[in-house]
Amino acid sequence: MARCPSCGATVTRSDERISHTCHYCTSALVDAARGSMVVDRVAPFRLSAHAAQQRLREHLAARWWAPQQLRRSAREGRADTRLVEGVLVPFFAYDATCRSRYETKVGLHWYETKRVVRDGNKTREVERHTEWFPLRGTAVAQLRDHLVSASVGLTASETAALLPFDLGRARDFDARLVAGWPAELPSRDRVQTDADALQQIRTHEIQRVRREQLPGDTHRRTRVSCQVELAEAELVLLPVWVAALRHGGKVYRMVVNGQTGRCHGKAPVSAAKITTAVLLTIVLAAVLAWRLA
C-alpha cells in the first residue's frame, strides 16, 4: 500500500513494480529509494505509442500466412491492435571473459589448369584441389552488455526477437526516467539468469570462433571448447510496448521494442492458405514422381 502525495488516496501497488500510476488522479508514483538500490541504468522509450501502433500494423501486413482480411485491415490502419501498456522491463547486462580452445583441419584451395579434349575439341578446364593441415589454437574475447531478461513476463522467444537494445542511450537510475511508466523489478531468480547468460555467451563465442578465428578456405573435424567467466551484471530497465491483437474471437499478444520498433508475436494463420499450400505440395510431388517413373 502507498499514499498518493497529490490526492492523498491509498493506492495498492505490486511488489514487482517500482513505478505505477495513481488510479484516482493519474499521478506518477515512484519508489525511488528501492529503485536506486536495485536498478543501475534506465533506457527511456524512443518510440511513441502512435509509432508503435504503426509498426504493429506494418508487421501484420507483412505476415504472408496471416488471413488476407487481416493483412488488408493492417495496411488500411483498421486492424484491431491495441497497445496494452509500455513497460520498462528488467534485464541483466553481463560482461564476460571468454577463453576458447579449438582444433581443426584447415583446407587451402589451389587450382590447376588442364588441357582436355571433349567431343574432338581442345579446351581448358580449371580443377580445384584442397590441401589439409592440422591446426590448434586459443582465442580470448571480452564481451560487454550481453542481455538476459530478468522478467517472467517475457518468453525466451520474445526476448530474442526484441534484441538488440541500444544501451548507449541508457542513463543512471533517476526516478524521473521511470515516472509515468510501469517499471518492473526482477521476477526471475539470479541463478536462472546466470545460467542463461553462460549458455548463451558460450554458444555465441563458439560460433564466433568458427566464423572469424579459423584461417583457410574451408575446415573439417572442428572442435571448439569455451570457458566463460561472468563479471558482475548490471540491472537495466529497457522499454517494451505490449499489445493485444483481437481476431476471430481470439486475443494474440504482441511486443514491440520501444527503441527500434522490432515486433514479435504469433499472428493468426489462414487455414485456407495452409490447405492450398499442402495441396500444391502434394500435386507437385505427384508430378515429380510421375516424371521419374
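Everything discussed here concerns the structure shown above.
Because the structure is a prediction, the values reported are computed rather than measured.

What counts and how
- Residues numbered from 1 in each chain as written.
- Predicted model: local features only at pLDDT ≥ 70, side-chain atom pairs only at ≥ 80, totals over all residues.
- Heavy atoms only, no water.
- Helix = DSSP H or I, 4+ residues; strand = E, 2+ residues; numbered from the N terminus.
- Buried < 20%, exposed > 50% of the residue type's maximum accessible area, 1.4 Å probe, protein only.
- Contact = heavy atoms within 4.5 Å.
- Areas by Shrake-Rupley, 256 points an atom, 1.4 Å probe, with all protein chains shown as cover.
- Lys, Arg positive; Asp, Glu negative; His and termini not counted.
- Charge placed at Lys NZ, Arg CZ, Asp CG, Glu CD.
- Phe/Tyr/Trp six-rings, centres within 6.5 Å; stacked < 30°, edge-to-face > 60°.
- Lys NZ or Arg CZ within 6 Å of the ring centre and 35° of its normal.
- 1 Å grid on protein atoms, 1.4 Å probe; cavity = no way out; pocket = protein on both sides within 12 Å on 5 of 7 lines; lining within 4 Å.
- Points joined across faces, edges and corners; volume = space filled by probe spheres on them.
- Nonpolar A, V, L, I, M, F, W, Y, C, P; charged D, E, K, R; others polar.
- Core = buried A, V, L, I, M, F, W, Y, C linked by side-chain atoms within 4.5 Å.
- Disulfide = S-S within 2.5 Å.
- Pairing = 2+ DSSP bridges.

1. Quick look at the overall build of the protein
On a plain count of helices and strands, the protein comes out with 7 helices and 13 strands. The buried share of the protein, reckoned over its 293 residues, is 39%. Of the contacts made within the protein by residues no fewer than 6 positions apart, 74% connect residues no fewer than 24 positions apart. Approximately 17,600 Å² of the protein is accessible, and the part contributed by carbon and sulfur atoms is 51%. A distance of 8 Å separates the average location of the 44 positive side-chain charges in the protein from that of its 30 negative side-chain charges.

2. Examining the packing of aromatic side chains
Counted under the stated rule, the structure contains 5 aromatic pairs. Their ring planes at 15 degrees and their centres at 4.1 Å tell us that F45 and W181 sit as a pair that is stacked. Of this pair, F45 sits in the loop between β5 (41-42) and α2 (49-61) while W181 sits in the loop between α5 (175-178) and β9 (183-184), and the two are 136 residues apart along the sequence. Under the relative-accessibility criterion, W181 is labelled partly exposed at 26%. Put simply, the rings of F45, W181 and W241 touch in pairs and so form one group of aromatic residues. One cation-aromatic arrangement involves R190 over F92; the distance from NZ or CZ to the ring centre is 4.7 Å. Just above the ring of W132 sits the side chain of R220; from NZ or CZ to the centre is 3.9 Å.

3. A look at the layout of surface pockets
By volume, the largest pocket amounts to about 210 Å³. If you trace the largest pocket, you find 14 residues lining it, with V148, S149, A156, T159 and Q200 closest to the centre. Taken together, the residues of the lining of the largest pocket break down into 6 nonpolar, 6 polar and 2 charged. Here the second largest pocket is characterised by a volume of approximately 150 Å³. Taken together, R17, V84, E85, V87, V89, S151, G153, L154, E184, V240, V242 and R253 make up the full set of residues lining the second largest pocket. When contributions to the lining of the second largest pocket are tallied by element, the ones reaching two or more residues are β6 (81-118) and β11 (234-247). When residues in the lining of the second largest pocket are grouped by element, the largest group, 4 residues, is from β6.

4. Some details on the nonpolar core
A general feature of soluble globular proteins is that nonpolar side chains tend to end up buried together. Core analysis: the largest hydrophobic core is formed by 40 residues, its most contacted members being V39, V42 and L237. For this core, the secondary-structure elements that each account for two or more residues are α2, α3 (68-75), β6, α5, α6 (190-213), β10 (218-230), β11 and β12 (250-257). Residues in contact with V42, not counting those within four places in the same chain, are L88, R169, A170, R171, F173, L177, V178 and L237. With 16 residues, the next largest nonpolar core counts A43, F91, A93 and L162 among its residues.

5. Describing the state of the cysteines
Under the criterion given, the structure shown has 0 disulfides. No disulfide involves C98; its sulfur sits 4.8 Å from that of C226, the nearest cysteine. With relative accessibility at 10%, the residue C226 sits in the buried group.

6. What about the pairing of β6?
Across 12 bridges, the pairing between β6 and β11 is antiparallel. Across the sheet, the residue bridging to L88 is P239, located in β11. Note that β6 and strand β7 (residues 121-149) share 27 bridges and pair antiparallel. Directly across from V116, in β7, lies its bridge partner T123. Here β6 folds back onto β7, and the loop between the two strands holds 2 residues, one of which, D119, carries a positive phi near 55 degrees. Inspection of the sheet shows β6 paired to β10 by 11 bridges, in the antiparallel sense. Looking across to β10, one finds that E103 is bridged to R223.

7. Description of the pairing of β12
Note: β11 against β12, 8 bridges, orientation antiparallel. Each bridged residue has a counterpart across the sheet, and for V240 the counterpart in β12 is N257. Where β11 folds back onto β12 in an antiparallel hairpin, the turn is made up of 2 residues, including G248, whose phi is positive at roughly 60 degrees. Where β12 lies against strand β13 (residues 263-265), 3 bridges are found, and the strand directions are antiparallel. By the bridge assignment for β13, V256 is matched with C263.

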